[in-house]
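Summary of structural features
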Amino acid sequence: MKRKKISTSNIIFIVVIILFIVPQTRLFFQVWIHKGVSLINQSSVIDEADRTSVSYTNWQLKSDADTSLNFNETKGKVVLINFWATWCPPCIAEMPSLQDLYTDYGDKAVFLFVTHDDFEKVEQFKSKNQFTFEVFNALTPPPSELSVHTIPRTFIINKNGDIVVDESGSVNWNSDKVRGQLDQLLSE
């Protein structure tokens, strides 16, 4: 009888599979992989002819700072809307880049980080990761153009109310490309 030799690549493959199965290591490795994906997945501006305008409905939001916001209040402003959750690996992977963008552009554009998670969970997540952005729960359904079925999903809306960026999955939002896009939108 011949014995099969176990190769190093087979051992590595088995170890990786085990790391993804064990609950204590699964999230870490999923986030790590999505961080790598975010470096490849770049934000792109939608061609002007293909853009959709947002209908400014009375979308009501409540923040973790206990403030209320009517989406109508964002008319005429550049708005970044990120739908996410504290348990979502691709969301967790892109959050540091969104925090960096928020730190530099939070006083120039409106950032709406929208989740269904309860604020207690959100505050623990923000505290653990030293995130400072305000987080919102939707009290009423968003405009149909912003209806999402997967997370993370991020929209950037220009001052005219057109969706100029619509990205799903983890993205490096703190890239020169995105900063250039925001600078352009803010100058219009």
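Refer to the structure above for everything that follows.
What comes next concerns the included structure. Given the structure is predicted, the values throughout are model-derived calculations rather than measurements.

A closer look at helix 5 (residues 176–187)
- Given a rise of 1.5 Å per residue, twelve residues ought to cover 16 Å, and the 16 Å separating the end C-alpha atoms of helix 5 matches this to within 8%.
- If you check which residues of helix 5 are buried, you get Val178, Arg179, Gln181, Leu182, Leu185 and Leu186. In an axial view of helix 5, the angular spread of the buried residues amounts to 155°, which keeps them on one side of the axis. Of the exposed residues in helix 5, those oriented more than 90 degrees away from the buried face are Asp176 and Ser187.

Digging into the packing of helix 3 (residues 89–105) against helix 5
- It is the contact of helix 3 with helix 5, at a shortest axis distance of 12 Å, that shows an interaxial angle of 35°. Helix 3 and helix 5 meet at a crossing whose hand is right-handed. Contacts between helix 3 and helix 5 involve Asp100, Leu101, Asp104 and Tyr105 on the former and, on the latter, Val178, Arg179, Leu182, Asp183 and Leu186.
- Classifying every residue of the contact of helix 3 with helix 5 gives five nonpolar, no polar and four charged.

A word on the nonpolar core
- With 30 residues, the main nonpolar core has Met95, Leu101, Phe113, Ile156 and Trp173 as its most contacted residues.
- Listing elements by their share of this core, those giving two or more residues are helix 3, strand 5 (110–114), helix 4 (119–129), strand 8 (162–168) and helix 5.
- Contacts of Met95, omitting those with residues within four sequence positions, involve Asn82, Trp84, Phe113, Phe125, Phe131 and Phe133.

The rules behind the values
- Residues numbered from 1 in each chain as written.
- Predicted model: local features only at pLDDT ≥ 70, side-chain atom pairs only at ≥ 80, totals over all residues.
- Heavy atoms only, no water.
- Helix = DSSP H or I, 4+ residues; strand = E, 2+ residues; numbered from the N terminus.
- Expected span 1.5 Å × (residues − 1).
- Buried < 20%, exposed > 50% of the residue type's maximum accessible area, 1.4 Å probe, protein only.
- Arc of directions from axis to C-beta.
- Axes fitted to C-alpha atoms, helices over the stretch in contact; angles between N-to-C directions.
- Left-handed = near helix turned anticlockwise from the far one by under 90°.
- Contact = heavy atoms within 4.5 Å.
- Nonpolar A, V, L, I, M, F, W, Y, C, P; charged D, E, K, R; others polar.
- Core = buried A, V, L, I, M, F, W, Y, C linked by side-chain atoms within 4.5 Å.

From the geometry alone we can't say anything about function, so treat these as descriptive.
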